[in-house]
Amino acid sequence: MKTNFKRPFAKYVKKAHKPLQLAIEDEVGIVCDDPEIGELKVGDLAGIRVHKFRFNRQEYLMAYRAPKDNELVAFLVIDFYQVGAHENFYAELKQYLQQEKSKGTSK
């Protein structure tokens, strides 16, 4: 399964210290093995799943969009949008998704 890391996700991972980077990499592998593992969101975040994991007694959230069941297996790509601690996580995710949506309509 291919992965596509969006800018906020890649930026957070790049700034994180090495043990956290490795933990995130492990969690990405877990999500790729079972894309249904995360909690499916509704409302403004419809279609987004959030996988929670713990590292050094801190809870982290990982937002991603899994491919739909009817897509061909050879072309499955998981878009990873954001990772981080719970504080302001959902507000920042909504803001990023709105920016992406407005960029898509302005073209």
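Procedures and definitions
- Residues numbered from 1 in each chain as written.
- Predicted model: local features only at pLDDT ≥ 70, side-chain atom pairs only at ≥ 80, totals over all residues.
- Heavy atoms only, no water.
- Helix = DSSP H or I, 4+ residues; strand = E, 2+ residues; numbered from the N terminus.
- Buried < 20%, exposed > 50% of the residue type's maximum accessible area, 1.4 Å probe, protein only.
- Contact = heavy atoms within 4.5 Å.
- Phe/Tyr/Trp six-rings, centres within 6.5 Å; stacked < 30°, edge-to-face > 60°.
- Core = buried A, V, L, I, M, F, W, Y, C linked by side-chain atoms within 4.5 Å.
- Salt bridge = Lys/Arg side-chain N within 4 Å of Asp/Glu carboxyl O.
- Pairing = 2+ DSSP bridges.
- Axes fitted to C-alpha atoms, helices over the stretch in contact; angles between N-to-C directions.

Draft legend 1. Representation of the environment of leucine 40. Along the polypeptide, leucine 40 turns up in strand E2 (residues 39-40). Take leucine 40: its relative accessible area is 49%, and that puts it in the partly exposed class. Considering only alpha carbons, one finds leucine 40 and valine 50, 10 residues apart in sequence, at a separation of 6.7 Å. When neighbours within four sequence positions are excluded, leucine 40 is seen to be in contact with Gly47, Ile48 and Arg49.

Draft legend 2. Focus on the packing of aromatic side chains. With the rule as written, the count across this model stands at seven aromatic pairs. Considering the side-chain rings of tyrosine 64 and phenylalanine 80, the 5.9 Å spacing of their centres and the 40 degrees angle between planes classify their relative orientation as tilted. Of the two residues, tyrosine 64 is situated in strand E4 (residues 58-65) and phenylalanine 80 in strand E5 (residues 77-85); the sequence distance between them amounts to 16 residues. An angle of 90 degrees between the planes, with centres 5.4 Å apart, marks the rings of phenylalanine 89 and tyrosine 90 as edge-to-face. The pair formed by phenylalanine 89 and tyrosine 90 is uniform in burial state, with each residue classed as buried. Ring pairing ties together the aromatic residues Phe5, Phe9, Tyr64 and Phe80, which thus form one cluster.

Draft legend 3. Structural context of the nonpolar core. The biggest cluster of nonpolar side chains holds 18 residues, and the ones touching the most others in it are Phe9, Ile24, Val28, Met62, Phe80 and Val83. Judged by nonpolar contacts, the second largest core, of 11 residues, contains Val50, Ala63, Tyr81 and Leu93.

Draft legend 4. Representation of the pattern of salt bridges in the model. The final tally for this structure, using the stated rule, is three salt bridges. With a closest N to O distance of 2.8 Å, arginine 49 and glutamate 36 form a salt bridge. Here arginine 49 is found in strand E3 (residues 49-55), whereas its partner glutamate 36 is found in the loop between helix H2 (18-33) and E2, with 13 residues between them in sequence. Owing to a relative accessible area of 13%, arginine 49 belongs among the buried residues under this scheme. Lysine 94 is the salt-bridge partner of aspartate 44, the closest N and O atoms lying 3.8 Å from each other. Remark: lysine 94 occurs in helix H3 (residues 89-106) and aspartate 44 occurs in the loop between E2 and E3; sequence separation between them is 50 residues. Judged by its relative accessible area of 60%, aspartate 44 is exposed.

Draft legend 5. Geometry of the environment of alanine 16. For alanine 16, the location among the structural elements is in the loop between helix H1 (7-15) and H2. Residues alanine 16 and glycine 84, spaced 68 residues apart in sequence, show a C-alpha to C-alpha distance of 9.8 Å.

Draft legend 6. Up close: the sheet that holds E4. Reading across from one edge, E1-E5-E4-E3-E2 is the order of the five strands in this open sheet, with mixed pairing throughout. Each edge of the sheet is formed by a strand with only one pairing partner; in this case those strands are strand E1 (2-5) and E2. Note that E1 and E5 share four bridges and pair parallel. By the bridge assignment, asparagine 4 is partnered in E5 with aspartate 79. Contacts between H1 and the sheet are confined to E1, E4 and E5, with E5 contributing the most and set at about 50 degrees to the helix. Contacting E1, E3, E4 and E5, H2 runs over the sheet at an angle of about 140 degrees to E3.

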